[in-house]
Amino acid sequence: MKGSLTNTGTAVRAGAGSGRDAWVAVVQAVVFFGVVAGAWEAGSRAGWWNPVLIPSPSDIFRYIGEALGKGELQSACYVTLRRLVFGYAVGILLGIPLGLLTARFRFAANTLGVLALGLQTLPSVCWVPLSILWFHSNPEGAMLFIVVMGTLWAVLLATDHGIRQIPPIYRRAAATMGSKGFHLLWRVLLPASLPHLVSGAKQGWAFAWRSLMAAEIYVAISTGFGLGHLLHFGRELHAMDQVAAVMLVIIVIGFAADKALFSPWERFLRRRWGLTV
């Protein structure tokens, strides 16, 4: 009874400590970015740099307010996120099975694995000219192809690496207890490789963002303007407040996606693997 109460008290103190740490992190971030924004605004008002090239924070937020009032920013975010999520999902659904294939079969590793390793090093923007030629009558298909190419290889290689890093004793122990085939894959190999899968999915998300921005900047389209198009139009019009505002929106969306999608999985895995107190 005494041991149970002690464990409960320890858990409560750990929870309170983690909550306090979270608030400290928030306060530190707010103060830091507040100081940076204040110094930036002061430098702009003092004329230390050309405001046309480096807009002030007030100009950036003024543009954001105007774009939100017109509805163009919400529309661009929706169009971009729709393309991103669809392409990312296709990349995940293709990457994980192919990664399992290369991890389990030597022929697949010597062929598809080598191809994936080579194509992952290829910048996603290199796919733009080919996608424009291949999908010249379907610009949405061209952008989907670019996003999938940016996601697929990172997820494939992360899955392959995760399976290969599983200690052999796990497989032998599972085989001793009669696990084989799909059961071994689903109940042993995939759970054991989950940390690598989450890391690969996070890396694939970042690559998908970069791929889509390149696609939207270079691919002319009439089915909906995304954030990349706003970025391109701002550059063409020399509206650096628009360019900086779109960059800020992309950063905020990326940060929110990381905290909402990947951070919970990472916390769960740290707890499950005994990496947190």
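Residues numbered from 1 in each chain as written. Predicted model: local features only at pLDDT ≥ 70, side-chain atom pairs only at ≥ 80, totals over all residues. Heavy atoms only, no water.

## A look at a positive patch on the surface
Condition: Each patch groups residues whose relative accessible area exceeds 30% and which form no salt bridge, using 9 Å between like charges and 5 Å between nonpolar side chains of Val, Leu, Ile, Met, Phe, Trp and Tyr. Per-residue accessibility takes into account occlusion by the displayed protein chains alone, with areas from the Shrake-Rupley method and a 1.4 Å probe. The term salt bridge refers to a side-chain nitrogen of Lys or Arg lying within 4 Å of a carboxyl oxygen of Asp or Glu. A residue counts as positive if it is Lys or Arg and as negative if it is Asp or Glu; His and the chain ends are not included. Here the site of a charge means atom NZ of a Lys, CZ of an Arg, CG of an Asp or CD of a Glu. Only runs of H or I of at least four residues qualify as helices and only runs of E of at least two qualify as strands under DSSP, and these elements are numbered from the N terminus. Each residue's exposure class comes from its accessible area (1.4 Å probe, protein chains only) as a fraction of the maximum for that residue type: buried when under 20%, exposed when over 50%, partly exposed otherwise.
Together, Lys 259, Arg 267, Arg 270 and Arg 271 make up a region of like positive charge exposed at the surface. Along the chain, Lys 259 turns up in helix H11 (residues 240-272). On the basis of relative accessibility, which here comes to 45%, the residue Lys 259 falls in the partly exposed class.

## Remarks on the environment of Pro 97
Among the secondary structure elements, Pro 97 is positioned in helix H3 (residues 72-104). Relative accessible area serves as the criterion here: at 44%, Pro 97 is assigned to the partly exposed category. Note: C-alpha distance between Pro 97 and Leu 156 (59 residues apart in sequence) is 7.8 Å.

## As for the packing of helix H2 (residues 57-70) against H3
The line we're drawing: Geometry is summarised by axes, namely lines fitted to C-alpha atoms with helices restricted to the contacting stretch, and by angles between N-to-C directions that run from 0 to 180 degrees. Our angle categories are set so that under 35 degrees counts as roughly parallel, over 145 as roughly antiparallel, 65 to 115 as roughly perpendicular, and the remainder as oblique. Here, residues are in contact when the closest pair of their heavy atoms is within 4.5 Å.
One way to put it is that H2 packs onto H3 with a least axis distance of 5 Å and a crossing angle of 80°. In terms of orientation, H2 lies roughly perpendicular with respect to H3. Side by side, H2 and H3 meet where Tyr 63, Ile 64, Ala 67, Leu 68 and Lys 70 of the first sit next to Glu 72, Leu 73 and Gln 74 of the second.

## Quick look at the pattern of salt bridges
Evaluation of the coordinates by the stated rule reveals 8 salt bridges. Among the salt bridges present, the one from Asp 160 reaches Arg 164, with a minimum N-O distance of 2.9 Å. One end of the pair is Asp 160 and the other is Arg 164, both in helix H6 (residues 139-164) and 4 residues apart, which spans about a single turn. Its relative accessible area of 14% is what places Asp 160 among the buried residues. Through salt bridges with shared partners, a single ionic network connects Arg 82, Arg 83, Glu 140 and Glu 216.

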